[in-house]
Amino acid sequence: MSSNDLLCYWAEDPRTRVIVLYLESFGNPRRFGRVAPEVGRDKPIVAVKSGRSTAGTRAASSHSAALASRDVAVDALFEQAGVIRTNTLEELFDVAALLSTQPLPAGPRVGVVTNAGGPGILLADACERTA
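Residues numbered from 1 in each chain as written. Predicted model: local features only at pLDDT ≥ 70, side-chain atom pairs only at ≥ 80, totals over all residues. Heavy atoms only, no water.

Colleague: Hey, could you run me through the overall build of the chain in this one?
Modeller: The number of helices and strands found in the chain is six helices and three strands. In the chain, buried positions account for 31% of the 131 residues. A separation of at least 24 residues holds for 75% of the contacts in the chain among residues at least 6 apart in sequence. When the accessible surface of the chain is totalled, it reaches about 9000 Å², and 56% of it is carbon and sulfur. (Helix = DSSP H or I, 4+ residues; strand = E, 2+ residues; numbered from the N terminus. Buried < 20%, exposed > 50% of the residue type's maximum accessible area, 1.4 Å probe, protein only. Contact = heavy atoms within 4.5 Å. Areas by Shrake-Rupley, 256 points an atom, 1.4 Å probe, with all protein chains shown as cover.)

Colleague: Help me out: how do you make sense of the nonpolar core in this one?
Modeller: Among soluble globular proteins, nonpolar side chains are generally buried collectively. Counting 16 residues, the largest nonpolar core has Leu-7, Leu-21, Phe-32, Ile-45, Phe-78 and Val-83 as the members making the most contacts within it. Mapped by element, the contributors of at least two residues to this core are strand S1 (19-23), helix H2 (29-40), strand S2 (45-49) and helix H4 (71-81). For Phe-78, the residues in contact, after removing those within four places along its chain, are Leu-23, Phe-26, Phe-32, Ala-47, Lys-49, Val-83 and Arg-85. Within the second largest apolar cluster, five residues are counted, among which are Val-46, Val-48, Leu-92 and Leu-99. (Core = buried A, V, L, I, M, F, W, Y, C linked by side-chain atoms within 4.5 Å.)

Colleague: Quick question: what am I supposed to make of the sheet that holds strand S3 (residues 84-86) here?
Modeller: Note on sheets: strands pair through backbone hydrogen bonds, and any given pair is parallel or antiparallel. Taken in spatial order, the three strands of this open sheet run S1-S2-S3, and their pairing is parallel. The strands lining the two open edges of the sheet, one partner per strand, are S1 and S3. Going across the sheet, the axis of each strand differs from the next one's by a mean of 25°, ignoring polarity. Bridge count for S2 against S3 is three bridges, and the pairing is parallel. What sits directly across from Ala-47, in S3, is Arg-85. Relative to S1, helix H1 (residues 3-12) is tilted by about 175°, and along the sheet it contacts S1 and S2. Against the sheet, helix H5 (residues 89-101) makes contact with S1, S2 and S3, and its axis sits at roughly 175° relative to S2, the strand it touches most. (Pairing = 2+ DSSP bridges. Axes fitted to C-alpha atoms, helices over the stretch in contact; angles between N-to-C directions.)

Colleague: Would you explain the pairing of S1 in this entry?
Modeller: Within a regular beta strand, the side chains point alternately toward one face of the sheet and then the other, so they alternate between its two faces. Residues Ile-19, Leu-21 and Leu-23 line the buried face of S1, whereas the alternating positions Val-20 and Tyr-22 sit on a face that is not buried. Both S1 and S2 contribute to a ladder of five bridges, which runs parallel. Bridging from a neighbouring strand, Leu-21 pairs with Ala-47 of S2.

Colleague: Honestly, the pattern of salt bridges in this entry has me stumped. Any pointers?
Modeller: If the charged atoms of two oppositely charged side chains come close together, the side chains can form a pair. Per the stated rule, a full pass over the model turns up three salt bridges. Between Arg-31 and Asp-5 there is a salt bridge, and its shortest N-O distance comes to 3.3 Å. Of this pair, Arg-31 sits in helix H2 while Asp-5 sits in helix H1; the two residues are 26 residues apart in sequence, bridging distant segments of the chain. Its relative accessible area of 33% is what places Asp-5 among the partly exposed residues. Put simply, Arg-15 and Asp-13 hold a salt bridge, and the shortest N to O gap is 3.6 Å. Accessibility expressed as a relative area gives 70% for Arg-15, which makes it exposed. (Salt bridge = Lys/Arg side-chain N within 4 Å of Asp/Glu carboxyl O.)

Written out as structure tokens, the structure is:
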């Protein structure tokens, strides 16, 4: 059973509204790159990928006997596939809770409330990059 198999199953499950993945490696990253964008159109996919550091990559490799992927490649794959990447399990569960309890905003609009200009500018830059 791979993450790709789970994505396909959850895509068809009417009770699944948000897909949450903990990944140590990818069995077939090309298939993931094809399946995830299709599934993500209807259901958000949130993932945490362990093995971001050199030590973490070695640990994941020895733990699961899997080939750990380079982090920059994982970032690119997730971005291309529309997967929301988190850095920790806590973030994973926070994002999953948010997406499962709140409606997705309608339209391509973002509202920003800040008490400092710098973070607002950074957010405006990030929004324009993803538009």
